[in-house]
Amino acid sequence: MSLSEESVFGYSKMMISSVVTTSGVLYRQHADLLHEIGDLRVYVKGQTIPLHGIDYHLEDGFRLSANIPYPAIVSSGSTFFFHTIEEVLAFIRRFPHPAVHIPKMIREAAGLLASGKLVAFPTETVYGLGADATNVEAVKRIFTAKERPTFDPLIVHIAHLEQLNGVVLDWDDRAQTLAEHFWPGPLTLVVKKDPAIDDLVTAGSWTVAVRMPANPIARSLIALSGKPIAAPSANLFGQTSPTSAAHVHEQLAGRIDAIVDGGSCTVGIESTVLSLVSEVPAILRPGKIGMKELLPFLPDLVLSPQIGVGGAPLESPGLLDTHYAPKTPLFLVEDLSAYTRRKDLGILLFEESSLSFEGEVIFISRKADPLEAARTLYRAMRTLDQKGLTALIAKRLPDEGIGLAINNRLEKAASKDLVKR
Ligand code: TXA
Ligand code: MG
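Residues numbered from 1 in each chain as written. Chains lettered and ligands numbered in written order. Predicted model: local features only at pLDDT ≥ 70, side-chain atom pairs only at ≥ 80, totals over all residues.

Draft legend 1. View of the overall build of the chain. Within the chain, the regular secondary structure consists of twelve helices and 18 strands. Scored against the burial criterion, the 421 residues of the chain give a buried share of 45%. (Helix = DSSP H or I, 4+ residues; strand = E, 2+ residues; numbered from the N terminus. Buried ≥ 20, exposed ≤ 12 C-beta atoms within 10 Å, placed from the backbone.)

Draft legend 2. Fine view of the packing of helix H11 (residues 370-385) against helix H12 (residues 402-413). Contact geometry of H11 with H12 gives a least axis separation of 9 Å together with a crossing angle of 20°. By the angle between their axes, H11 is roughly parallel relative to H12. Of the two elements, H11 crosses H12, and the hand of that crossing is left-handed. The residues of H12 that touch H11, namely those facing Pro-370, Leu-371, Ala-373, Ala-374, Leu-377 and Met-381, are Ile-402, Gly-403, Ile-406, Arg-409 and Ala-413. Considering only residue class, the contact of H11 with H12 consists of nine nonpolar, one polar and one charged. (Axes fitted to C-alpha atoms, helices over the stretch in contact; angles between N-to-C directions. Parallel < 35°, antiparallel > 145°, perpendicular 65-115°, else oblique. Left-handed = near helix turned anticlockwise from the far one by under 90°. Contact = placed C-beta atoms within 7 Å. Nonpolar A, V, L, I, M, F, W, Y, C, P; charged D, E, K, R; others polar.)

Draft legend 3. Quick look at the environment of Ser-353. As for its position among the elements, Ser-353 is in the loop between strand S16 (345-349) and strand S17 (360-363). For Ser-353, a count of 15 C-beta atoms within 10 Å translates into the label partly exposed. Sequence separation of Ser-353 and Arg-366 is 13 residues, and the distance between their C-alpha atoms is 8.7 Å.

Draft legend 4. Representation of the sheet that holds strand S15 (residues 330-332) within the structure. Strand order across the open sheet formed by four strands is S15-S18-S16-S17, with parallel pairing between neighbours. Two strands in the sheet have a free side with no partner beyond their single neighbour: S15 and S17. Here the average twist between neighbouring strands, direction ignored, is 25°. Two elements, S15 and strand S18 (residues 391-394), share three bridges in a ladder whose sense is parallel. By the bridge assignment, Leu-332 is partnered in S18 with Ala-394. On the sheet, H11 packs against S16, S17 and S18 and is oriented at approximately 165° with respect to S17. (Pairing = 2+ DSSP bridges.)

Draft legend 5. A look at helix H9 (residues 245-252). Residues of H9 that are buried include every one of Ala-245, His-247, Val-248 and Leu-252, and no others. Along the axis of H9, the buried positions cluster into a sector of 155°, meaning they face one direction only. In the core, the buried residues of H9 are packed alongside strand S4 (119-121), strand S5 (128-132), helix H5 (136-146), strand S11 (258-259) and H11. Count one or two residues on from H9 and you reach Gly-254, which has phi positive near 90°. (Arc of directions from axis to C-beta.)

Draft legend 6. Summary view of the confidence of the model for the chain. Summarising the model, the chain shows a mean pLDDT of 84, and 80% of its residues fall at 70 or more. Across residues 35-39, confidence stays below pLDDT 50; counting only partners more than four residues off in sequence or on other chains, it has 20 contacts. The low-confidence segment residues 308-314 (pLDDT under 50) makes six contacts with residues lying over four places distant or belonging to another chain. (pLDDT = per-residue confidence, 0-100.)

Draft legend 7. A look at the pairing of S18. Judged from the four bridges that link them, S16 and S18 form a sheet pairing that is parallel. Following the sheet pairing, Ile-347 is matched in S18 by Ile-393.

Next comes the structure, spelled out in structure tokens:
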């Protein structure tokens, strides 16, 4: 299957025939499209229809709730998240009958995975590029499509705990307890691998990283494929992770077999990677689930040093010190006031500022909300990256909760020329 615009799953120019139910500004601006369509309705977090005013919506993002009978998992309700109303409308156009079109898309994609093809799919963190983890030829194609070096191991994704059979060995009580508390969700566990998993998946390691994603499309897809699914983030190696189907399309169209569209990712940065096979349990990559959540289960938990020292073997190759990077150099600064007059800069802001900037400004949050910042960060970096700017400027967030994980990504995305560590 090629990835022309028309053949991305479920994409079709079907007419939307239903009746408008929403109101207010949104209604007036998009009366022709904002419908209650079958089982899909538009609402905004914290508000019920009718809607009032559009500013609030644009800041907080849009959510679509849909009733979808997911094949192969027990979940029917689903919420899709979007950053802009245009993305909502494009999604509605693509899936005018989501209860029919989305399960169909998932079935087709699961068939592709089962036959060794590469399928990009949404998870709650970022989009993954999936292949059957038990099919070495398929896994090889992941590395080729991403131009990823084979020393960087992949995470194996599962839909239910039975799929750990043939993937992991020595699944102990700690692993089981963590899985019960945090799965499905953005936590990856590094444990002993079953010899059935090929060295290519784990980059020759005796360990394997496993995760059960929370996104119901992802889980349904994995369950229907009947395979554990190896999936790195669906971007070219070293570049910014994708948080929408369009992002995947930009970098990987023509290199992979299909993209499953599930809107924008709600967490927005990659999962926490937690090693249970090191001397003491260690967070190898920080994420939404942090020390605070994990310490009650693992009192001796440590945070691994995050920057690889030149030449030393890395515990997790994703710890390479340049990663997640936009093409425009990014600089982390303490004080933004020196950058107000430069028209050629892109500024990432985490809260309203009394400064006024002549460059391009994007708010990753207006109210210093780190969860919102995580959701928006990669999208903002990609948007600024397309504007032909000289440099991007950002400030670190407070090092708490997901802020620590955001700072980790900012540090790695930052240009190594000027950043002091
Ligand atoms: O949220 C996520 O984890 C996303 C979604 C798609 O699930 N996936 C993701 O995959 O970020 P990737 O390949 O971009 O990053 C996987 C990270 C890398 O840092 C890799 O080195 C580490 O996990 N990793 C994988 N297997 C490992 C292992 N056996 N031991 C230590 N680290 C491992
Ligand atoms: Mg990645």
